[in-house]
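As a plain string of letters, each chain reads:
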Amino acid sequence: MLTALIAFVTFATVADKIRWDDMPRVFANAAFMIVVAIVTITHFGRGKPVARVALTGMAVYYVWTLVIGVTVLVAGESEANAVMVLIEVTRTLFVVAAAILSFTPSAHTYFRSYNLYATRVKATVIAGLAWLVAVAAMAVIVAVSFIDSLPSHGRSWIDWATGTNAIASALVTSMVLCLLPTYVAIVRQFEYGRQWARVTLCVLGVALSLLAVVQALDVFDDRRPETLETVGAVLCLVFVAAVGVGFVLSYLPAVNAHFRQSPRPGDGLGPRGYHFS
């Protein structure tokens, strides 16, 4: 609710500074993020471990963005009023508290019940390793991009936070980094035979592979690419190869058989996933 309120206030504040042709894109992005948050919270309530990891990653991201926001506010470059800052601080406190509470013993037992009767087999573990290699390659690519966007060459944190290009790149890459544990959690659910996890890995893998190929081709077309760009291009190719291997291994007969035999989440459990012995 606080995130939706912040998005609405922010949109109302900068609406007069946005070009009319950019309005639909900005509004669609804000609406998409809110819908994703609502869906994730819903699955969190149903005890899905991936949702817990995703929301914890978002808590870390909110703390990071709050630090940047306070830096901009101290520099006198922020247009946000005291009420807006108070709302953001309140949201950050709530998500941090929620993240901590979601890892208490009782909460851990509740989320553990999601895979209480699920098992992993050798075929899905091997395929999962290929997906983990892809995640690791993506993590290095994004981490290098994030570090490269941080203040350097004598530039202060305030100058960096009040800039445009560098801070925008840092915010995007930091969000991906905060959500990397979520991708690992999806691989874990894939190994347990969750069909939605296999579909998610394949769809995201193919989409990101297309972007990785374009990025690699742009670097190799350059006659004098920088060393960092060359390393990034090689990692993009590693990512694409890992996704290809993971995709093929994910639909082997042994894997398909395991997915058909895997119990549905909640089988043998009581209301809302609790196990009654």
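See the structure printed just above.
Residues numbered from 1 in each chain as written. Predicted model: local features only at pLDDT ≥ 70, side-chain atom pairs only at ≥ 80, totals over all residues. Heavy atoms only, no water.

**Student:** Whenever I open this one, the environment of Thr 173 confuses me. Can you help?
**Tutor:** Structurally, Thr 173 is set in helix 8 (residues 165-191). Between the C-alpha atoms of Thr 173 and Ala 143, which are 30 residues apart in sequence, the distance is 7.4 Å. (Helix = DSSP H or I, 4+ residues; strand = E, 2+ residues; numbered from the N terminus.)

**Student:** Just to check I follow, could you spell out the nonpolar core for this structure?
**Tutor:** Counting residues in hydrophobic clusters, the biggest one holds 28 residues, and the most contacted among them are Trp 131, Phe 190, Leu 201 and Phe 239. The set of elements that each furnish at least two residues to this core consists of helix 6 (122-149), helix 8, helix 9 (195-221), helix 10 (227-249) and helix 11 (253-261). Among the elements that line this core, the one with the most residues is helix 6, at eight residues. Among residues more than four places away in sequence, those in contact with Trp 131 are Val 187, Phe 190, Leu 201, Cys 202, Gly 205, Val 243, Gly 246, Phe 247 and Ser 250. Judged by nonpolar contacts, the second largest core, of 13 residues, contains Trp 64, Val 95, Ala 99 and Phe 146. (Core = buried A, V, L, I, M, F, W, Y, C linked by side-chain atoms within 4.5 Å. Buried < 20%, exposed > 50% of the residue type's maximum accessible area, 1.4 Å probe, protein only. Contact = heavy atoms within 4.5 Å.)

**Student:** Help me understand helix 5 (residues 105-112) in this model?
**Tutor:** In an α-helix, one turn spans 3.6 residues; hence positions three or four apart end up facing the same way. Among all positions of helix 5, only Ala 107, Tyr 110 and Phe 111 are buried. Looking straight down helix 5, one finds its buried side chains confined to an arc of 95°; they lie on one side. Of the exposed residues in helix 5, those oriented more than 90 degrees away from the buried face are Pro 105, Thr 109 and Arg 112. (Arc of directions from axis to C-beta.)

**Student:** Can you walk me through the packing of aromatic side chains in this structure?
**Tutor:** Any aromatic ring pair is given by two values, namely how distant the centres are and how the planes are angled relative to each other. Within the structure shown, the criterion is met by five aromatic pairs. Plain terms: the ring middles of Phe 44 and Phe 111 are 5.1 Å apart, the flat faces sit at 55° to each other, and that makes the pair tilted. Placement of Phe 44 in helix 2 (residues 23-45) and of Phe 111 in helix 5 is noted, with a sequence separation of 67 residues between them. We classify Phe 111 as buried; its relative accessible area is 3%. Residues Phe 190 and Phe 259 carry aromatic rings whose centres are separated by 5.5 Å and whose planes lie at 50° to one another, so their mutual orientation is tilted. Taken as a pair, Phe 190 in helix 8 and Phe 259 in helix 11 lie far apart in primary sequence, 69 residues in all. You can call Phe 190 buried: its relative accessible area is 0%. (Phe/Tyr/Trp six-rings, centres within 6.5 Å; stacked < 30°, edge-to-face > 60°.)

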